[in-house]
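# Close look at the chain arrangement
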Amino acid sequence: MDYGIMDRDGRRIALCPVDDDNWRAVADIAPRDDQRAFVAALAARYLLLSMRGGVWHSLGVQADETMVGHVMWAYDDENGSHWIGGMVVDAAEQGKGVGRQTMVALIRWLSERADCREIRLSYHPDNTGAAALYTSLGFVHTGEFEDAEPVVALQVGAAGTASV
């Protein structure tokens, strides 16, 4: 899913299915050491959740042809919302706008789905960087918590697109 979105280094950020050719590169994605309180030490944990949990769907994140991240999404049929989870940007790729552009691409892709009216996510309460990113993209607090993490939501427009 390539929306022509570029990071600060001018590389195209695109989402791609995880398949037999790229799953190892996705599994090896690792955040900075100081972020391990907020996300898994390796994206492999999220791949396993996608494969074994039956709810989440993993996507790789590419900058041009290089695998630089992982993100996953799910559909909650109880309330009709889509969820974003498990975003990890490789430590060496941080500070280049990859996380922001990954979110923009995923929001655009999810908002194109006919059943998408709201996108939700939760984040560790101490992860101030994530909180600032999600707020800047238009997510607002719902007042709910998921496993002690605040839940934020982004309303998707009537035309099926979010304004990011």
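As a reminder, the structure under discussion sits directly above these lines.
Reference entry: report on the structure contained in this document. The shown structure was predicted, so the numbers you read here are calculated from the model rather than taken from an experiment.

### Considering the layout of surface pockets
The calculated volume of the largest pocket comes to roughly 1,200 Å³. Among the elements of the structure, helix H2 (44–53), strand S5 (81–89), helix H3 (98–111), strand S6 (118–122) and helix H4 (128–136) are those that each provide at least two residues to the lining of the largest pocket. The biggest single contributor to the lining of the largest pocket is S5, with 7 residues.

### Some remarks on unusual backbone geometry
Phi at Asp64 takes a positive value of approximately 55°, unusual for a residue other than glycine. Tracing the backbone shows Asp64 in the loop between strand S3 (57–63) and strand S4 (66–76). Judged by its relative accessible area of 40%, Asp64 falls in the partly exposed class. Unlike most non-glycine residues, Ala148 shows phi in positive territory, near 70°. Here Ala148 lies in the loop between strand S7 (140–146) and strand S8 (149–155). You can call Ala148 exposed: its relative accessible area is 58%.

### Remarks on H3
Two residues of an α-helix separated by three or four positions point the same way, owing to the 3.6 residues in each turn. With 14 residues, H3 should cover 20 Å at 1.5 Å per step; its first-to-last C-alpha distance of 20 Å lies within 8% of that length. Of all 14 residues in H3, 12 are buried, a share of seventy percent or more. Listed as buried for H3 are Val98, Gly99, Gln101, Thr102, Met103, Val104, Ala105, Leu106, Ile107, Trp109, Leu110 and Ser111.

### Thoughts on the pattern of salt bridges
All chains considered together, the criterion is met by 10 salt bridges. Between Asp2 and Arg12 there is a salt bridge, and its shortest N-O distance comes to 3.0 Å. With Asp2 in strand S1 (residues 2–6) and Arg12 in strand S2 (residues 12–17), this pair connects stretches of sequence that are 10 residues apart. Take Asp2: its relative accessible area is 44%, and that puts it in the partly exposed class. Relative accessible area serves as the criterion here: at 37%, Arg12 is assigned to the partly exposed category.

### What to know about the environment of Gly86
Topologically, Gly86 is positioned in strand S5. On the basis of relative accessibility, which here comes to 15%, the residue Gly86 falls in the buried class. For the pair formed by Gly86 and Ser58, sequence separation is 28 residues and the distance between their alpha carbons is 8.5 Å. Leave out the neighbours within four places in its chain, and Gly86 touches Tyr46, His70, Val71 and Met72.

### With respect to the side chain of His82
Within the secondary structure layout, His82 lies in strand S5. Owing to a relative accessible area of 0%, His82 belongs among the buried residues under this scheme.

What counts and what doesn't
- Residues numbered from 1 in each chain as written.
- Predicted model: local features only at pLDDT ≥ 70, side-chain atom pairs only at ≥ 80, totals over all residues.
- Heavy atoms only, no water.
- 1 Å grid on protein atoms, 1.4 Å probe; cavity = no way out; pocket = protein on both sides within 12 Å on 5 of 7 lines; lining within 4 Å.
- Points joined across faces, edges and corners; volume = space filled by probe spheres on them.
- Helix = DSSP H or I, 4+ residues; strand = E, 2+ residues; numbered from the N terminus.
- Buried < 20%, exposed > 50% of the residue type's maximum accessible area, 1.4 Å probe, protein only.
- Expected span 1.5 Å × (residues − 1).
- Salt bridge = Lys/Arg side-chain N within 4 Å of Asp/Glu carboxyl O.
- Contact = heavy atoms within 4.5 Å.

Structural measurements only, silent on function.
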